[in-house]
Amino acid sequence: MVRRTKADAQATRSSLLDAAEHLFQAQGVSRTSLNDIATAAGTTRGAIYWHFKDKADLFNAMMERVSLPIEETLACSARSHQAQPNSLGALRNSLVNALEKTAHDEQTRRVFEVATHKVEYVAEMQAVRNRHLLVRNTCMAMTQQALEQACLQARLVLPVPLHSAALGLHVLVDGLIQNWLLDPQAFDLVACGQQAIDTYLRGLGFSLDGAQAQRLPAPALATPA
């Protein structure tokens, strides 16, 4: 009997996650069984239970392989606040970068589509709902922190409560991504999204002259099909 190595186990785990990612996108989470995933990965159902407790555990592991765009870019922005003289520019750039990653990174787009359009929060997926709420709350907290710092730097008093301003900005970006995923040909996610973000920030009373000046041009990437 050939002894399995740690590398073999990791390869099996990765193949299971790859299979789940594509099957979830193609037929939805609730209509994809663990047997379907095992078959597509060329392994057995037992291998799934060796690596994952249940479907929700597998789903969350799939999500963790690819940080969702807003989550990842806001985290980077939050880490740079201490050294960032322009918190508004850092926040704006983070949000636009999230749109760019969604539009141009195939795996990120696929996982985001599964997370937003292909999953039902039925009883067996409660752990997935809990993770979604945790990510949402974390992103909201980071957005609020960035807006608060930007207000201090600009000596600006917002026309709405800080929490409401952060919520509106988060919903704006999240909604743009979700609607674009329904039909990527309907509008240019990055261009329209940047315009919407700038309009929202100006509506809060911010001047974007400095923020826009720090914006670097995005690399030339092909628009995904």
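**Student:** With reference to specific residues and values, describe the overall build of the chain.
**Tutor:** The number of helices and strands found in the chain is 11 helices and zero strands. Along its sequence from the N terminus, the chain presents helices and strands in the succession α-α-α-α-α-α-α-α-α-α-α. When contacts within the chain are restricted to residue pairs at least 6 apart in sequence, those whose partners lie at least 24 apart make up 73%. A total of about 11,900 Å² of accessible surface is found on the chain, and carbon and sulfur atoms cover 53% of it.

**Student:** Give me the packing of helix α7 (residues 106-117) against helix α9 (residues 162-182): which residues, what numbers.
**Tutor:** The description of two helices packed together rests on the angle between their axes and the distance between the axes. For the pair α7 and α9, interaxial distance at closest approach is 10 Å and the crossing angle is 100 degrees. Between α7 and α9, the crossing angle belongs to the class labelled roughly perpendicular. Residues R109, F112, E113, T116 and H117 of α7 form the contact with α9, whose participating residues are D174, I177, Q178, W180, L181 and L182. The residue inventory of the contact of α7 with α9, partitioned by class, reads five nonpolar, three polar and three charged.

**Student:** I'd like a rundown of the nonpolar core, residues and numbers included.
**Tutor:** In terms of nonpolar packing, the biggest core is built from 28 residues, with L99, L147, I197, L201 and F206 touching the most fellow members. Breaking this core down by element, the ones donating at least two residues are α6 (87-104), α8 (126-154), α9 and α10 (189-203). Every residue in contact with L99, bar those within four places of it in the chain, is listed here: V173, I177, L189, V190, G193, Q194 and I197. Of all hydrophobic cores here, the second largest spans 26 residues; its members include I37, M62, V119 and M125.

**Student:** Residues and numbers for the packing of aromatic side chains, please.
**Tutor:** Within the structure shown, the criterion is met by one aromatic pair. Each ring, one from F24 and one from F59, has its centre 5.8 Å from the other, and the planes form 40 degrees; the classification is tilted. A residue pair is termed long-range when its members are at least 10 positions apart, and F24 in helix α1 (residues 6-27) and F59 in helix α4 (residues 55-65) qualify at 35 residues. Comparing F24 with F59 shows no difference in burial state: the two are buried.

**Student:** An account of the pattern of salt bridges is requested, with residue identities and associated values reported.
**Tutor:** Pairing between side chains becomes possible if they bear opposite charge and their charged atoms approach one another. Considering all chains together, one arrives at four salt bridges under this definition. A salt bridge links K55 to E124; its shortest N-O distance comes to 3.8 Å. Placement of K55 in helix α4 and of E124 in the loop between α7 and α8 is noted, with a sequence separation of 69 residues between them. Given the relative accessible area of 8%, K55 is considered buried. Residue classification places E124 among the partly exposed positions, given a relative accessible area of 47%. One salt bridge connects E106 with R110, and the closest N-O pair in it is separated by 3.5 Å. Residue E106 and its partner R110 are both found in helix α7; the two are separated by four residues, about one turn of the helix. Through salt bridges with shared partners, a single ionic network connects E21, E106 and R110.

**Student:** Could you give me a rundown of α7, with the residues and numbers involved?
**Tutor:** Compared with an ideal rise of 1.5 Å per residue, which puts 12 residues at 16 Å, α7 spans 16 Å between its outermost C-alpha atoms and is within 8% of the ideal. Within the sequence span of α7, burial applies to T108, R109, R110, V111, F112, E113, V114 and A115.

**Student:** Describe in detail the environment of V29, supporting the description with residues and values.
**Tutor:** Mapped onto the fold, V29 is located in the loop between α1 and α2 (34-41). Residue class for V29 comes out buried when judged on its relative accessible area of 2%. Not counting chain neighbours up to four residues away, the residues in contact with V29 comprise F24, K55, F59, V114, K118, V119 and M125.

**Student:** So what about α4? Which residues, and what values?
**Tutor:** Buried residues dominate α4, accounting for eight of its 11 residues. Looking at the buried positions of α4, the neighbouring elements they touch are α1, α2, α3 (45-51), α7 and α8. For α4, the side-chain oxygen to backbone nitrogen distance between the N-cap and A56 is 3.2 Å, and the N-cap itself is D54.

**Student:** Give a detailed account of the packing of α8 against α9, specifying residues and quantitative values.
**Tutor:** Running from N to C, α8 and α9 point in directions that differ by 120 degrees, and their axes come no closer than 9 Å. Comparing their axes, α9 and α8 come out oblique. Considering the relative orientation of α8 and α9, their crossing is right-handed. Contacts between α8 and α9 involve R136, C139, M140, T143, Q144, L147 and E148 from the first element and L162, H163, A165, A166, L167, L169 and H170 from the second.

What counts and how
Residues numbered from 1 in each chain as written. Predicted model: local features only at pLDDT ≥ 70, side-chain atom pairs only at ≥ 80, totals over all residues. Heavy atoms only, no water. Helix = DSSP H or I, 4+ residues; strand = E, 2+ residues; numbered from the N terminus. Contact = heavy atoms within 4.5 Å. Areas by Shrake-Rupley, 256 points an atom, 1.4 Å probe, with all protein chains shown as cover. Axes fitted to C-alpha atoms, helices over the stretch in contact; angles between N-to-C directions. Parallel < 35°, antiparallel > 145°, perpendicular 65-115°, else oblique. Nonpolar A, V, L, I, M, F, W, Y, C, P; charged D, E, K, R; others polar. Core = buried A, V, L, I, M, F, W, Y, C linked by side-chain atoms within 4.5 Å. Buried < 20%, exposed > 50% of the residue type's maximum accessible area, 1.4 Å probe, protein only. Phe/Tyr/Trp six-rings, centres within 6.5 Å; stacked < 30°, edge-to-face > 60°. Salt bridge = Lys/Arg side-chain N within 4 Å of Asp/Glu carboxyl O. Expected span 1.5 Å × (residues − 1). Polar contact = N/O pair within 3.5 Å; in protein donor to acceptor, adjacent residues only side chain to side chain. Left-handed = near helix turned anticlockwise from the far one by under 90°.

Interpretation in functional terms is not warranted from these geometric data alone.
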